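Structural description and commentary
Listed below, chain by chain, are the residues.
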Amino acid sequence: MSERKLLRENIADAWTRTLSESYPQKLINSERGLQVHFCHRLLEVFGDLDRRLFIEPTFTASDGTTRIPDIVICNSQRIIGVVELKYMPRAAPDYEKDLRTLEWFCSAPPPITLSNERYRGIDEKKVKAYELAGDAILCWAGVYAEPRADVEYHGRALGSRLLCLHAVTKPLLRPEIYLGPSPASAL
């Protein structure tokens, strides 16, 4: 059984709402647009849960390597989710770089520090270090043209932490939404 069941359900619910409500209204026309609508839905499904979203934050490991994921979900102490988005509704998805970013979060030497160099205000010199929770969800979510890509196979090194969300587009039809490991999970 996978860990972080509630977070996994929250992410899948936000994805489904985004692609079944915002996308058909033609409100999403870029990866940034997808990011905005998806984060809005995430905040809705989180409700009163104590969650913090970071959008395109820069994280630095103790060895000096850095990564900038699309979305990072934290509770009050740790990183509990990392989401990489892809928006290519007329093409096959390019997911290799996204999977490398997710793998980095598992292999980077701790602590992983959030860099917020552009912030100016209270406690601007204070840098927050976040530890990746051992059961953090590592999610790849993509809107792309058919056929369905086997991202799960290529991300198998991430094991049960990997959550793949697909929205497969076809001309003149709503996208087919897949949550998880196989086309049998289509909505």
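Details of the structure are given in the entry above.
The structure presented is a predicted model; accordingly, all values stated were derived computationally and were not measured. Residue indices begin from 1 for each chain and proceed along its sequence in written order. Where local features are concerned, this predicted model is filtered to residues with pLDDT of at least 70; where side-chain atom pairs are given and counted, the filter is 80 or more; whole-chain, interface and lining totals use all residues. In computing side-chain values, all of the structure's heavy atoms are included and hydrogens and water are not.

1. Details of the pattern of salt bridges
- For salt bridges, the criterion is a side-chain nitrogen of Lys or Arg within 4 Å of an Asp or Glu carboxyl oxygen. For the structure shown, the criterion picks out eleven salt bridges.
- Glu9 serves as the salt-bridge partner of Lys5, at 3.4 Å between the closest nitrogen and oxygen. Taken together, the residues span about one helical turn, with Lys5 and Glu9 both in helix H1 (residues 5–22) at a distance of four residues.
- Only protein chains enter the calculation, and the probe is 1.4 Å; a residue is then buried if its accessible area is under 20% of its type maximum, exposed if over 50%, and partly exposed in between. On the basis of relative accessibility, which here comes to 47%, the residue Lys5 falls in the partly exposed class.
- A salt bridge links Lys170 to Glu176; its shortest N-O distance comes to 2.5 Å.
- A residue is classified by how much of its surface remains accessible, and Lys170, at 27% relative accessible area, is partly exposed.
- Glu176 gets classed as partly exposed once you look at its relative accessible area, which sits at 27%.
- Members of the salt-bridge network, linked through shared partners, are Asp13, Arg17, Glu21, Arg41 and Glu44. Under the scheme used here, helices are H or I runs from DSSP no shorter than 4 residues and strands are E runs no shorter than 2 residues, and both carry numbers assigned from the N terminus.

2. Quick look at the packing of H1 against helix H2 (residues 31–46)
- Fitting a line to C-alpha atoms yields each axis, with helices limited to the stretch in contact; the angle taken between N-to-C directions then spans 0 to 180 degrees. Where H1 meets H2, the closest approach of the two axes is 8 Å, and the angle between their N-to-C directions is 130 degrees. What the angle tells us is that H1 and H2 run oblique. In terms of crossing hand, the pair formed by H1 and H2 is right-handed. Contact residues: Leu7, Asn10, Ile11, Asp13, Ala14, Trp15, Arg17, Thr18, Leu19, Glu21 and Ser22 in H1; Leu34, His37, Phe38, Arg41, Leu42, Glu44, Val45 and Phe46 in H2.
- Any residue outside Ala, Val, Leu, Ile, Met, Phe, Trp, Tyr, Cys, Pro, Asp, Glu, Lys and Arg is labelled polar, Gly included; the first ten of those are nonpolar and the last four are charged. A per-class count over the contact of H1 with H2 returns ten nonpolar, four polar and five charged. Here roughly perpendicular refers to angles of 65 to 115 degrees, roughly parallel to angles under 35, roughly antiparallel to angles over 145, and oblique to all remaining angles. Helix crossings fall into two classes, left-handed where the near helix is turned counterclockwise from the far one by less than a right angle and right-handed where it is turned clockwise. What makes two residues a contact is simply this: any of their non-hydrogen atoms within 4.5 Å.

3. Describing the nonpolar core
- Among the nonpolar cores identified, the biggest contains 58 residues, and Ile11, Trp15, Phe38, Phe59, Ile73 and Ile79 are the most heavily contacted of them.
- Not counting residues within four places of it along the chain, the set of residues in contact with Ile79 comprises Phe59, Val72, Ile73, Cys74, Phe105, Tyr130, Glu131, Leu132, Ala133 and Ala136. By convention a nonpolar core is built from buried Ala, Val, Leu, Ile, Met, Phe, Trp, Tyr and Cys residues, the set being connected through side-chain atoms within 4.5 Å.

4. Here's the deal with the pairing of strand S7 (residues 129–145)
- Most of S7 is tucked away: 13 of the 17 residues are buried.
- The sheet contact formed by strand S5 (residues 78–88) and S7 spans ten bridges and is parallel. Counterpart to Lys86 in the pairing with S7 is Gly142.
- Between any two strands, at least two bridges found by DSSP are needed for them to pair. Where strand S6 (residues 112–115) meets S7, two bridges bridge the pair, whose relative direction is antiparallel. Residue pairing across strands places Ile112 opposite Tyr130, the latter belonging to S7.
- With eight bridges joining them, S7 and strand S8 (residues 162–169) adopt parallel strand pairing. Bridge pairing links Ala141 to Leu165 in S8.

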